[in-house]
Amino acid sequence: MPPASPHAATPSPALRRLGELLVERHLATPADIGKALAFQQQFGGRIGSILVRLGALSEESLLPVLSEQLGIPLLDSSEWPVDAQAARVPLDASGIVADWWIDNDVVAWAAPEGQLLVAGRDPLDPMVNELLGQRLPAGWSWRLARAQDIERLVDLLARARRADEEAADDVSHLRELAEEAPVIELVNNILAQAMDQRASDIHIEPEEMLFHVRMRIDGILHTRLTLPASRYPAVASRVKLISGMDIAERRLPQDGRLSVRVSGQDVDVRVSSVPAVHGESLVMRLLPKERQDLSLQRLGFSPRDLSLFRGWVQEPHGIVLVTGPTGSGKSTTLYAALESINQRDRKIITVEDPVEYQLPGITQIQANAEIGYTFARALRAILRQDPDVIMIGEIRDLETAEIAVQSSLTGHLVLSTLHTNDAVSAFTRLIDMGVEPFLVATSVRAVQAQRLVRRLCPDCSRPVEPLPAVARLVEPLLEASAARPQWREAVGCQRCQGTGYRGRVGIYELVDVTPEMQELVLARSTAEKLRTLASAQGGRTLREDGLLKAHAGLTTVEEVVRVTGALPADG
């Protein structure tokens, strides 16, 4: 009979009989072969297997002879599949149902070297060889293995199949939980409560016995709900389901997004999941679509700083940088700046990741690093769009920084953010990135550092006398026209959830790049020298601006210290 396929293990008529080879090697006697042949005639089966079953020889002795007779190599330990996935890939690709492999005690896998190997109890079975020849790609080959090794391989395949079935059942169960009315109501109520309390983020954090729902309100996290851990899978599945995430994937980080109407407001919600010890930590960032406070006047600038900043963003070219850590209000400041100059007489284009708020009359571009659409690539494209003003969400690398510099030098106003602790550190940060000092000095027009401090609740704050050392620190900062001191302290009431604060206000450090400042940047001067010059030119530090706002009754000294650090030892 001809082979069923080029890869089949059907023996050629020219091959010597197995019994003859075993007798020749003194591994079996003619009597043993006779008994095996009689058994085979009555019950069927392969001679080799029958001899092992009758105890005439061991499987270890049989396999090398069988390998020589059939020309099928023995399975080497280095060829073992590394995991169940190695056996599942060929199974899925073949289109043969998993039950067939298990019922026939056959398994195929991609060996570490890449070749496709097959092992089974009967590599001579013509039906098995015919089907494998039709379904497996060219180049596969048999391996002879001990029965217990084949059993282990088939068991590996069976366990992988059971895991798939359990995962499918688990996903189905999680989906059912996520669609239950109490779970839907709970998640909706969490979102509504967050919006009512002006939260910017919702944190869902599982522990061994409990899970907590915390909300970031005015920059501070507050625990708003604690529930048994048994309810966590349903809540997490609901959040992942509505945000377009894979509810079955709990081993890798995921990102999702949804738009929903909550408490009468349309809001975009960005969802992030990260695997943790007791489950996934979920964070939802709330981005209301309707923003009523995108104006520079509402951000907390002093009259002098507001005038200076407005002058910067009206410049025809140059780079204006806003610096600060994540959550310090940089994006809001840039959006307000764009709103102030958006008179429809200039082409304004932004490159962001992500686009947080949509502004009418402005072309906003969403960068996507996953598909290679980076800030730098987007910037190169928009320079052909004839822009007047370019807003870059963040300068993250040298390539983006160089394009921003070149754009500013070719007649564009560039607004962007940078992660530095104070304003003057922006110069050294750009130089550290690899931008030449003379390009930094000539392109950067101004830098502003900022933080957010909590604003005192107007319903419950009360007057307080400041420490004499604090009053002495503020006195040199006051202008002749300054109002009377309004030092106050936080108390707490129902309207502010007992915190004593409601809303936030910015504190700012503005550095104008004067010719003297350019000289220091060109000379690669230290940040300390740059700060000294900025102070000599009338600039205020973040702490000084914060203390002035505490003097005006907008916040407290404690809040300024929390955000900017401890006061000097003599203060």
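Keep in mind it's a predicted model, so treat the numbers as computed, not measured. (Residues numbered from 1 in each chain as written. Predicted model: local features only at pLDDT ≥ 70, side-chain atom pairs only at ≥ 80, totals over all residues. Heavy atoms only, no water.)

Some remarks on the side chain of Ser443
Spelled out, the test is: Put simply, DSSP H or I for four residues or longer makes a helix, DSSP E for two residues or longer makes a strand, and each gets a number counted from the N terminus. For the exposure calls, accessible area comes from a 1.4 Å probe over protein chains only, and a residue counts as buried if that area is under 20% of its type's maximum, exposed if over 50%, partly exposed in between. Under the rule applied, a polar contact is a pair of N or O atoms within 3.5 Å (in protein, one hydrogen donor and one hydrogen acceptor; residues adjacent in sequence only if both atoms are side-chain atoms). Two residues qualify as a contact provided that any one of their heavy atoms is within 4.5 Å of a heavy atom in the partner residue.
Relative to the assigned elements, Ser443 resides in helix 16 (residues 437-443). What makes Ser443 buried here is its relative accessible area of 2%. For Ser443, the side chain forms a polar contact with the main-chain oxygen of Leu439, separated by 2.6 Å. The contacts of Ser443, once residues within four sequence positions are left out, are Gly318, Ile319, Val405, Ser408 and Leu409.

Structural notes on the confidence of the model for the protein
Selection criterion: For every residue, the pLDDT score states the predictor's confidence, bounded by 0 at the bottom and 100 at the top.
Per-residue confidence for the protein gives a mean pLDDT of 86; residues scoring 70 or more make up 92%. Here residues 1-8 scores under 50 on pLDDT; set against residues more than four positions off or in separate chains, the count is 15 contacts. In the model, residues 10-14 has pLDDT below 50 throughout and makes five contacts with residues more than four positions away in sequence or in other chains.

Describing unusual backbone geometry
Here the residue pair Asp353 and Pro354 is connected by a cis peptide bond, since its omega of 0° sits within 30 degrees of zero. Take Pro354: it is sitting in the loop between strand 11 (348-352) and strand 12 (363-366). Phi at Asp105 is positive, roughly 50°, even though this residue is not glycine. Relative to the elements of secondary structure, Asp105 occurs in the loop between helix 6 (98-103) and strand 1 (106-110).

A closer look at the UniProt feature "domain: Bacterial type II secretion system protein E" (unreviewed entry) in the protein
Going by this rule: UniProt positions are given in the numbering used here, feature names are shortened, and annotations may be inferred rather than shown by experiment.
Residues given the UniProt feature "domain: Bacterial type II secretion system protein E" (unreviewed entry) here are residues 383-397. Secondary structure content for residues 383-397 is 0% helix and 27% strand, and the end C-alpha separation is 18 Å.

Here we look at the sheet that holds strand 9 (residues 279-288)
The condition that has to hold: Only strands joined by at least two bridges in the DSSP assignment are considered to pair. Only the contacting stretch of a helix is used when fitting its axis, a line to C-alpha atoms as for every element, and angles between N-to-C directions run 0 to 180 degrees.
Here we have six strands laid out as an open sheet, ordered 6-5-4-9-8-7, and antiparallel in their pairing. Strands with a single pairing partner mark the edges of an open sheet, and in this sheet they are strand 6 (220-228) and strand 7 (254-262). The sheet shows a mean angle of 20° between the axes of neighbouring strands, taken without regard to direction. Here strand 5 (residues 210-217) pairs with strand 6 via eight bridges, running antiparallel. The partner of Leu210 across the bridge, within strand 6, is Pro228. Against the sheet, helix 10 (residues 232-242) touches strand 4 (199-206), strand 5, strand 6, strand 7, strand 8 (265-276) and strand 9, its axis set at about 45° to strand 9.

Digging into the sheet that holds strand 2 (residues 116-120)
The mixed open sheet is built from three strands, whose spatial order is 1-2-3. The outermost strands of the open sheet, each flanked by one partner alone, are strand 1 and strand 3 (141-142). Direction of pairing for strand 2 relative to strand 3: parallel, over a ladder of two bridges. From the neighbouring strand, Val118 faces strand 3, where its bridge partner is Trp142.

Digging into empty space enclosed by the protein
Heads up, the rule is: Space inside and on the surface of the protein is sampled on a 1 Å grid over the protein atoms alone, with a cavity defined as a set of points where a 1.4 Å probe fits but cannot get out and a pocket as an open set with protein on both sides within 12 Å along at least 5 of 7 lines; lining residues have an atom within 4 Å of a point. Grid points are joined across faces, edges and corners, and a volume is the space filled by probe spheres set on the points. Under the convention adopted here, Pro, Cys and the residues Ala, Val, Leu, Ile, Met, Phe, Trp and Tyr are nonpolar, Asp, Glu, Lys and Arg are charged, and Gly plus all remaining residues are polar.
Taken as a whole, this structure holds one cavity of 30 Å³ or more when the rule is applied. Considered as a void within the structure, the largest cavity measures approximately 30 Å³ in volume. For the lining of the largest cavity, the secondary-structure elements that each account for two or more residues are helix 15 (425-433) and helix 18 (515-522). The element contributing the most residues to the lining of the largest cavity is helix 15, with three residues. Residues belonging to the lining of the largest cavity are distributed by class as follows: five nonpolar, two polar and one charged.

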